[in-house]
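Close look at the chain arrangement
Here is how the chains run, residue by residue.
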Amino acid sequence: MNLQAKRMKELFGYAATLTKEQGPVVMAGRAAGFFKRRFLGKRARYLPSSKALAAQRAADTSGFPVISILTPLYNTPKPFLEQFLDSVQNQTSPRWQLCLVDASDEAHPEVGQLVQARAAKDPRIVYQKIENGGIAANTNAAARLATGEYLALADHDDMLAPHAIYCMGKALAHTEADFAYSDEALFRKTPAGAHVAHFKPDYAPEYLMSVNYICHLAVFRRSLFEAVGRERPECDGAQDHDLFLRLIDEMQRTDPKAKPLHLAQVLYYWRVHAASTSGGTGAKPYVLAAARKAVADHLAATGRQGRVEDGLFPGTCHVVWDLPDPAPLVSILIPNKDHTDDLEKCLHSLYAKTFYENFEVIIIENNSTDPATTAYYKTLPQRYDRCRVVGFNGSFNFSRINNFGRKFAQGKFLLLLNNDIEVIRGDWLTQMVAEASQPGVGACGAMLYYPDDTIQHAGIITGLGGYAGHSHKYHKRGGSGYMFRLATVQDFSAVTAACLLVRTAVFDAVGGMDEAFTVAFNDVDFCLRVRDAGWRIVWTPYAELYHHESKSRGSDEEDPAKKARFAKEQARLYEVHGRDNILRDPYYNPCLSLDYEDFRESGDLRRLKNPD
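Given the structure is predicted, the values throughout are model-derived calculations rather than measurements. (Residues numbered from 1 in each chain as written. Predicted model: local features only at pLDDT ≥ 70, side-chain atom pairs only at ≥ 80, totals over all residues. Heavy atoms only, no water.)

**Notes on the overall build of the protein chain**
Quick reminder of the rule: We count a stretch as a helix when DSSP gives it H or I for four or more residues in a row; a strand needs E for two or more, and each element gets its number in order from the N terminus. Three exposure classes are used, based on accessible area relative to the maximum for each residue type with a 1.4 Å probe and protein chains only: buried under 20%, partly exposed in between, and exposed over 50%. Every residue pair with non-hydrogen atoms within 4.5 Å of one another is taken to be in contact. Accessible areas in this description were obtained via Shrake-Rupley with a 1.4 Å probe; residue shielding takes into account the shown protein chains only.
A count of helices and strands for the protein chain gives 20 helices and 23 strands. Considering the protein chain as a whole, with its 612 residues, one finds that 57% of them fall into the buried category. For the protein chain, contacts bridging at least 24 residues in sequence account for 78% of all contacts bridging at least 6. By element, 53% of the accessible surface of the protein chain is carried by carbon and sulfur atoms, the whole surface being about 25,000 Å².

Right, here's the structure in full:
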């Protein structure tokens, strides 16, 4: 079955499930939204309805905090500046102050003239002419004009969505959050023609160290901004990334569980032009060095040991963590039933290519029937050091088999590994151990490819297809993915047990794998329980392996008994974790599709039409 046919089959299967569970009316609405977005254009699709905007203008916002918008000006083209000022003055909530500092040269007096004319009619606009000290120093100068309880950062050539201050003000009033951020969209001429949005996850600390995914619109308490010493000129080019890391560090200094609030609304429009970082970091090469410094200083401030390197794509970073000394023992658990060719390929690549040396291998024999398998097992201790076979008696149950194997493991870490995995990069296990050894991290997953170099696994997103799916599945190897999510170490709710490294103490603390999940969703359930216990799950693109998927047990699509078992395990996933919890993955934006695994926008974007 080719890829297009497979995706169509998956889509129609999901449509049938949705119709059965929620009825034909819901299904018709989703289909209409899909075809509208697909074939009828995209103009203004990120804006709330006119009715919702009118309701905001009529609402009582007196209890909302005042948000002071900090915007340095520098030779701003008049059309851009007019659009920016209009976007602020047309806000549905009046609870804003606009702090403008003008470092334009003598050849651009029209910048100050335009702003001062607006300020004369609107006292919420505050203007000051300054000497140009760079973006961070100029932003700090704007902050000195601010009187609002909260501050927001906005560039002089961008635009705010009309409901930005309303949505932020309402959220901050209700939650009293210290720091909040929203989604954003890119545009060239007007927001009505915005051509792509950045739909972000909720707070994801590993992802934020890799790339400044927060960007716009960011709003934070003025007192918090002052407490961290404002923006740092030495990080010009990545001054906002640096600021966000320091704001969060300060929040967590008094409350380790504190985190920014994410509003899944497009509240900011980021203009794309030749001199803008929205058009790519190649326009401003110094951004790369500044980003590395920001992350390195964050590591130093938090006492974490590692070095910061350029990431796989410009604008991204990679933290190469120092390994614990001594390197901890990793117990690799590999279930196997016959298929000695697969197992031999796995073991040979493991021993021949892996740089990390302190590991043991436990083959969990599961009712093999081929006499050649027994003969093969007898050769393993002589051929592969620290490799042994333990016998499991009972019908196939992936969870029970791994729980059984754990009893024989001596390592500080357990690596659950399928017998049809083949190592690509020699540092794969080094990378995984380093990530899983970080404070707060309970487990780590890897990048897995099909043999044709398309992606099989780059993290699991709950809710895809109604239950769970793999990020960027079938994407070609070597791409950056959506918002660099294929190319950066980041946070996920789950990773596949085909290659899953977990602290042994964490595995034991959550009771191992749930044996009611015999084949499907055992890894999803396990990771969710690890997450619920307060540990984070990370995934790294720097651990690369091939996965010859389904060779061990064949396809479940045609066998009636297997289909029934799969449906039972789907139902259990909802029963244990709750349907709403499964469908709302914090590391996946609710405006993205649950029908596909490629991060495309939802067909209806209904959450954007009514922000309330």
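**Overview of empty space enclosed by the protein**
For the record, the criterion: Only protein atoms enter the 1 Å grid used here, on which a cavity is any set of points holding a 1.4 Å probe that cannot leave and a pocket is any open set flanked by protein within 12 Å on both sides along at least five of seven lines; residues with an atom within 4 Å of a point are listed as lining. Grid points are joined across faces, edges and corners, and a volume is the space filled by probe spheres set on the points.
This structure, assessed with the given rule, holds one cavity of 30 Å³ or more. Reported here for the largest cavity is a volume of approximately 60 Å³. Forming the boundary of the largest cavity are E206, M209, S210, C317, H318, V319, W321, E435 and V489. Mapped by element, the contributors of at least two residues to the lining of the largest cavity are α8 (205-210) and β11 (317-321). At four residues, the largest contribution of residues to the lining of the largest cavity is made by β11.

**Some points on the packing of helix α12 (residues 340-353) against helix α13 (residues 371-383)**
Selection rule: A fitted line through C-alpha atoms represents every axis, and for helices the fit uses only the stretch in contact; the resulting angles, taken between N-to-C directions, go from 0 to 180 degrees. Between 65 and 115 degrees an angle is taken as roughly perpendicular, under 35 as roughly parallel, over 145 as roughly antiparallel, and anywhere else as oblique. For this classification, the nonpolar set comprises Ala, Val, Leu, Ile, Met, Phe, Trp, Tyr, Cys and Pro, the charged set comprises Asp, Glu, Lys and Arg, and every other residue, Gly included, is treated as polar.
For the pair α12 and α13, interaxial distance at closest approach is 11 Å and the crossing angle is 10 degrees. Relative to α13, the element α12 is oriented roughly parallel. Contact residues: α12 offers T340, L343, E344 and L347, while α13 offers T373, Y376, Y377, L380 and R383. Of the residues that constitute the contact of α12 with α13, the class distribution is five nonpolar, two polar and two charged.

**Digging into helix α4 (residues 78-89)**
Along an α-helix, residues three or four positions apart point the same way, because every turn accommodates 3.6 residues. Here is the rule: Expected helix span is computed as 1.5 Å times (number of residues minus one). As used here, the arc is the angular range of directions from the helix axis to the C-beta atoms.
For α4, built from twelve residues, the straight-helix expectation of 16 Å at 1.5 Å per residue is met to within 8% by its first-to-last C-alpha distance of 16 Å. Along α4, the residues classified as buried are L81, F84, L85, S87 and V88. Buried residues along α4 cover an arc of 160 degrees about the axis, so they all sit on one side. Packed against the buried residues of α4 are β1 (67-73), β2 (96-102), α5 (110-121) and β5 (159-160).

**Considerations on the nonpolar core**
For clarity, the threshold we go by: Nonpolar cores are built from buried Ala, Val, Leu, Ile, Met, Phe, Trp, Tyr and Cys residues. Side-chain atoms within 4.5 Å join them into one set.
Judged by nonpolar contacts, the single largest core of 108 residues is most densely connected at Y46, F179, F199, Y213, F220, L500 and F526. Setting aside anything within four residues of it in sequence, one finds Y213 in contact with Y181, K200, P201, D202, Y203, A204, Y207, L208 and M483.

**Some details on the pattern of salt bridges**
Under the convention used in this document: The salt bridge definition used is simple: a Lys or Arg side-chain nitrogen within 4 Å of an Asp or Glu carboxyl oxygen.
Scanning the model with the defined rule gives 33 salt bridges in all. Between E344 and R383 there is a salt bridge, and its shortest N-O distance comes to 2.6 Å. You can see E344 sitting in helix α12 and its partner R383 sitting in helix α13, a full 39 residues away along the chain. Between D598 and R600 there is a salt bridge, with its nearest N and O atoms 2.6 Å apart.

**Regarding the environment of A509**
Structurally, A509 is set in helix α16 (residues 504-509). For the pair formed by A509 and A533, sequence separation is 24 residues and the distance between their alpha carbons is 8.7 Å.

**Topic: the packing of aromatic side chains**
Threshold: Between the rings of Phe, Tyr and Trp (Trp by its six-membered ring), a pair exists once the centres lie within 6.5 Å; its type follows the angle of the planes, with under 30 degrees stacked, over 60 edge-to-face, and the other angles tilted.
For the structure shown, the criterion picks out 23 aromatic pairs. Look at F179 and F220: their rings are 6.1 Å apart centre to centre, the planes differ by 90 degrees, and that puts the pair in the edge-to-face class. Of the two residues, F179 sits in strand β6 (residues 179-187) while F220 sits in strand β8 (residues 218-221), which places them 41 residues apart along the sequence. Grouping residues by exposure puts F179 and F220 together as buried. Ring plane angle 65 degrees and centroid distance 5.6 Å describe the contact between F392 and F404, whose orientation is recorded as edge-to-face. Residue F392 is located in strand β14 (residues 387-392), and its partner F404 is located in helix α14 (residues 398-406); the two are separated by twelve residues in the primary sequence.

**Concerning helix α15 (residues 428-436)**
Counting buried residues in α15 gives eight out of nine residues, a clear majority hidden from the surface. What α15 keeps buried is the set W428, L429, Q431, M432, V433, A434, E435 and A436.

**Side note on the side chain of T61**
For T61, the position within the fold is in the loop between α3 (50-58) and β1. When its relative accessible area of 5% is taken as the criterion, T61 is described as buried. If we ignore the near neighbours within four places in the chain, the residues touching T61 are S93, P94, R95 and Y166.

**Thoughts on the pairing of strand β10 (residues 306-310)**
To keep things clear, this is the line we draw: Pairing between strands is defined by DSSP: at least two bridges between the two strands are required.
Here β10 pairs with β11 via five bridges, running antiparallel. Counted as the bridge partner of D310 is C317 from β11. Two successive antiparallel strands, β10 and β11, enclose a turn made up of six residues, where G315 displays a positive phi of approximately 95 degrees.

**A look at the pairing of strand β13 (residues 359-366)**
Strand residues, when the strand is regular, have side chains that alternate between the two faces of the sheet. Rule in force here: A crossover gets the label right-handed when its path from the first strand over the helix to the second runs clockwise, viewed with the strands pointing away from the viewer.
A large share of β13 lies buried, amounting to eight of its eight residues. Residues F359, V361, I363 and E365 point to one face of β13 and E360, I362, I364 and N366 to the other, with burial holding for every one of them. Examined bridge by bridge, strand β12 (residues 330-336) and β13 share seven bridges and lie parallel to one another. Bridged to S331 within β13 is E360. Here β13 pairs with β14 via six bridges, running parallel. Counted as the bridge partner of E365 is G391 from β14. As a crossover connection, the stretch from β13 through α13 into β14 is right-handed.

**Describing the environment of M168**
In this fold, M168 is placed in helix α7 (residues 164-175). Owing to a relative accessible area of 0%, M168 belongs among the buried residues under this scheme. Along the primary structure M168 and A152 are separated by 16 residues, whereas in three dimensions their C-alpha atoms are 9.9 Å apart.

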